[in-house]
Amino acid sequence: MKPRVLSGMQPSGRLHLGNLSGALSNWTKLQDTYEGYFFVADWHALSTNYAEPTQIKTLTREMVIDWLSAGLDPSKATIFIQSDLPDHAVLHVLLSMITPIPWLERIPTYKEQQTQLEDRDLSTYGFLGYPILQTADVLMYNADFVPVGIDQAPHVELTRAIARRFNSLYKPIFKEPQTLLTEVPKLPGTDGRKMSKSYNNAIYLSDSEETLREKLRTMVTDPARKRRTDPGDPDICPVFDLHKVYSDTPVIEQVNAECRTAKIGCIDCKRFLANALVTQLNPAWEKGRAIRKSPTMVDDVLQEGAKRARVTASATMQEVRDAIGI
Ligand code: TRP
Ligand code: SF4
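The present account deals with the structure reproduced in this document.

The rules behind each value
Residues numbered from 1 in each chain as written. Chains lettered and ligands numbered in written order. Predicted model: local features only at pLDDT ≥ 70, side-chain atom pairs only at ≥ 80, totals over all residues. Heavy atoms only, no water. Near = heavy atom within 4 Å. Polar contact = N/O pair within 3.5 Å; in protein donor to acceptor, adjacent residues only side chain to side chain. Helix = DSSP H or I, 4+ residues; strand = E, 2+ residues; numbered from the N terminus. Nonpolar A, V, L, I, M, F, W, Y, C, P; charged D, E, K, R; others polar. Buried < 20%, exposed > 50% of the residue type's maximum accessible area, 1.4 Å probe, protein only. Pairing = 2+ DSSP bridges. Right-handed = clockwise from strand over helix to strand, strands pointing away. 1 Å grid on protein atoms, 1.4 Å probe; cavity = no way out; pocket = protein on both sides within 12 Å on 5 of 7 lines; lining within 4 Å. Sits in = over half its atoms within 2 Å of the grid points. Expected span 1.5 Å × (residues − 1). Bend = angle between axes of the 7 residues up to and from the residue. Contact = heavy atoms within 4.5 Å.

Remarks on the site of ligand 1
Phase 1: Neighbouring ligand 1 are 14 residues; H44, Y130, Q134, D137 and Q152 lie closest to it.
Phase 2: Taking D137, its side chain carries an N or O atom lying 2.7 Å from a nitrogen atom of ligand 1.
Phase 3: Within the residue set of the shell around ligand 1, elements represented by two or more residues are strand 1 (4–9), helix 8 (130–140) and strand 4 (145–148).
Phase 4: Element by element, the count of residues in the shell around ligand 1 is highest for helix 8, at four residues.
Phase 5: Its residues assigned to classes, the shell around ligand 1 comprises seven nonpolar, six polar and one charged.

Notes on the pairing of strand 1
Phase 1: Taking burial as the measure, the six residues of strand 1 include five buried ones, the bulk of the element.
Phase 2: Pairing between strand 1 and strand 2 (residues 35–40): six bridges, direction parallel. Directly across from S7, in strand 2, lies its bridge partner F38.
Phase 3: Handedness of the β-α-β unit built from strand 1, helix 1 (residues 17–33) and strand 2 comes out right-handed.

Points about the site of ligand 2
Phase 1: Surveying the vicinity of ligand 2 reveals the residues T221, D222, R225, C237, V239, V255, C259, C266 and C269.
Phase 2: Spatially, ligand 2 is embedded in the largest cavity.
Phase 3: Elements with a minimum of two residues in the shell around ligand 2: helix 12 (249–260) and helix 13 (266–293).

Some thoughts on helix 13
Phase 1: The terminal C-alpha atoms of helix 13, which comprises 28 residues, lie 38 Å apart, in line with the 40 Å expected from a rise of 1.5 Å per residue.
Phase 2: Taking the largest bend as the criterion, helix 13 deviates by roughly 45°, centred on L281, and proline P283 comes between one and four positions later.
Phase 3: Buried residues of helix 13: C269, K270, L273, A274, A276, L277, V278, L281, A284, W285, G288 and I291, and no others.
Phase 4: In the core, the buried residues of helix 13 are packed alongside helix 1, helix 3 (56–69), helix 10 (209–217), helix 11 (238–246), helix 12 and helix 14 (297–324).

Here is the structure:
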């Protein structure tokens, strides 16, 4: 039997190159060697967006389209939406009974997010309980590993603590899952800052080839290189950082040498990069087109995923009820 991995993502927008080289490339690798459960955490999105939930449903669907385009394969992994599995909420309630409030208050993201999103009132019960819901997501499927970025590690730590507490209070039915740290390469966006949806500097999987080329054409370069005849410094140029991720070695070496001597211009340099990206994104774009052509495909994948998830979830809930004796 393969060990099980489980991970979730909030439906916060379309996937960009940073997400693709981070979480998604990790998930698509893991689905071959592990039994994978991957789901859209739409209830988690409510914890910070409860006042404006209108986007969540659309974003959920778009995210699944991006996942499938990027190579997540429903014949290998179980792909579903959290809110299609009401048992997650039931387990959340039961786990909330045994979780001391200080355990939640001392998780770094709790205070950090409140400061970062100060336009929203996050003094809610649901926001405090966010990591319990995440714990329910993980324990429901008795996952061995939880692939997440470093920011989520405290949540997995809490999951382990709650599992221990449940096991010692009632009956040892839960495994303590381990964090599988995802390395997230730091990709620069078009303005040179870290690529991020909130900076408006991202290149998206769903961008057209034309949009992608245009975004690269206007991307910032070595600011000292004003004229074509000025030599540049690739070491401080965000375009070169992308070359290092997406271009072949000969191109990287050529750019590295010829930028410094002004033999190559930024326009050509960026065109090389665009070509490399187009080649690598083409299979995903093609899959995306195929998905959009078959209107029921996403629903079918999600229905089948929920059905499979339900089998495991029902079994866990039966064990949980027996363990508590209720
Ligand atoms: N909190 C995670 C994030 O924002 C998403 C998530 C929800 C998750 N439930 C999970 C991740 C369970 C791993 C396991 O990225
Ligand atoms: Fe950057 Fe390329 Fe221009 Fe050099 S040639 S400054 S690496 S965009």
